[in-house]
Amino acid sequence: MKRIHIIGLAAVIMLIMNSCLKKGLPEYENWDVNNIDNVYVEYRYESGKILNDKPVVAYQRLNVQKNVIANSNTIELSIDVPLASSTFTEEIRSKVMQNNLWMYMDISTAAKVTPVGNAPKLGDPTDLTKEWQYQVTAANGDAKTWTIKVVSFKKL
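Now for a quick tour of the structure.

Reading the values: the criteria
Residues numbered from 1 in each chain as written. Predicted model: local features only at pLDDT ≥ 70, side-chain atom pairs only at ≥ 80, totals over all residues. Heavy atoms only, no water. Pairing = 2+ DSSP bridges. Helix = DSSP H or I, 4+ residues; strand = E, 2+ residues; numbered from the N terminus. Axes fitted to C-alpha atoms, helices over the stretch in contact; angles between N-to-C directions. Phe/Tyr/Trp six-rings, centres within 6.5 Å; stacked < 30°, edge-to-face > 60°. Buried < 20%, exposed > 50% of the residue type's maximum accessible area, 1.4 Å probe, protein only. Salt bridge = Lys/Arg side-chain N within 4 Å of Asp/Glu carboxyl O. Core = buried A, V, L, I, M, F, W, Y, C linked by side-chain atoms within 4.5 Å. Contact = heavy atoms within 4.5 Å.

### Concerning the sheet that holds strand β9 (residues 143-155)
Now for step 1: Pairing is mixed across the open sheet formed by five strands, whose spatial order is β3-β4-β9-β8-β6. The open sheet is flanked by β3 (63-69) and β6 (112-115), the only strands paired with a single partner. Sheet twist, expressed as the mean angle between neighbouring strand axes with direction ignored, is 30°.
Now for step 2: As paired elements, strand β8 (residues 132-137) and β9 share six bridges and run antiparallel to each other. Paired with Tyr134 across the two strands is Trp146, which belongs to β9.

### Considering the packing of aromatic side chains
Now for step 1: Scanning the model with the defined rule gives three aromatic pairs in all.
Now for step 2: When the centroid spacing of 5.9 Å and the interplanar angle of 20° are considered together, the rings of Tyr43 and Tyr45 count as stacked.
Now for step 3: On the basis of relative accessibility, which here comes to 7%, the residue Tyr43 falls in the buried class.
Now for step 4: Residue class for Tyr45 comes out buried when judged on its relative accessible area of 12%.
Now for step 5: Ring centres of Tyr45 and Phe88 lie 6.2 Å apart, and the angle between their planes is 45°; this geometry places the pair in the tilted category. In this pair, Tyr45 is assigned in strand β1 (residues 36-51) and Phe88 in the loop between β4 (74-81) and α2 (90-93), connecting sequence segments 43 residues apart. The residues Tyr45 and Phe88 share a single accessibility class, namely buried.
Now for step 6: Following the ring pairs from residue to residue traces out a cluster consisting of Tyr43, Tyr45 and Phe88.

### Re the pattern of salt bridges
Now for step 1: In total, this model carries three salt bridges according to the counting rule given.
Now for step 2: Where Lys149 meets Glu131, a salt bridge forms, and the shortest distance between an N and an O atom there is 4.0 Å. Here the residue Lys149 occupies a position in strand β9, and Glu131 occupies one in the loop between β7 (125-126) and β8, the gap between them amounting to 18 residues.
Now for step 3: Residue classification places Lys149 among the partly exposed positions, given a relative accessible area of 24%.

### Overview of the nonpolar core
Now for step 1: With 26 residues, the main nonpolar core has Ile36, Val39, Leu77, Leu128 and Ile148 as its most contacted residues.
Now for step 2: For this core, the secondary-structure elements that each account for two or more residues are β1, β4, β5 (101-107), β8 and β9.
Now for step 3: It is β1 that contributes the most residues to this core, five residues altogether.
Now for step 4: Setting aside residues no more than four positions away along its own chain, Ile36 makes contact with Ile75, Met105, Asp106, Ile107, Val136, Trp146 and Ile148.

### As for unusual backbone geometry
Now for step 1: Of note, Asp53 is a non-glycine position whose phi angle comes to about 65°, a positive value.
Now for step 2: For Asp53, the position within the fold is in the loop between β1 and β2 (54-61).
Now for step 3: You can call Asp53 exposed: its relative accessible area is 75%.
Now for step 4: The backbone of Asn73 shows a phi angle near 50°, a positive value even though the residue is not glycine.

### Here we look at the environment of Phe88
Now for step 1: Residue class for Phe88 comes out buried when judged on its relative accessible area of 0%.
Now for step 2: As for Phe88 and Tyr59, which are separated by 29 residues in sequence, their C-alpha atoms are 8.5 Å apart.
Now for step 3: Those residues in contact with Phe88 that sit more than four places away from it in its chain are Tyr43, Tyr45, Gln60, Val81, Pro82, Leu83, Arg93 and Val96.

Next up, the structure:
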């Protein structure tokens, strides 16, 4: 009886180890693209609202025009601060400075982005008076270092 249990257990283990998921699946090539497709910039501020005894953060997306210089992996940004509105008041707008903004970006499918040197992590406040470099690594491991720099910052 003990021998039957051992044989049964061995059969179950072999069945589990030989998963059907390994059979018949298409082979996909590794993605080899490592580009920054778009860059977004926003200003974050306290909204004046409180939730769970903490201030709620609001944001205003800034208008960004980009110029991609492919041969040098450089993206030049022209940033315009939009006009005041009901929630983005003139008082808040007046506090928008180029050295205290948040940047995020779209990158190639299945790639990852990491700051180079002392560049701030995406999602952290960023001083965009300086040039920053970010490395984009494709799924296949190919990496490209991109330079992000602001060439124009205006309040409309």
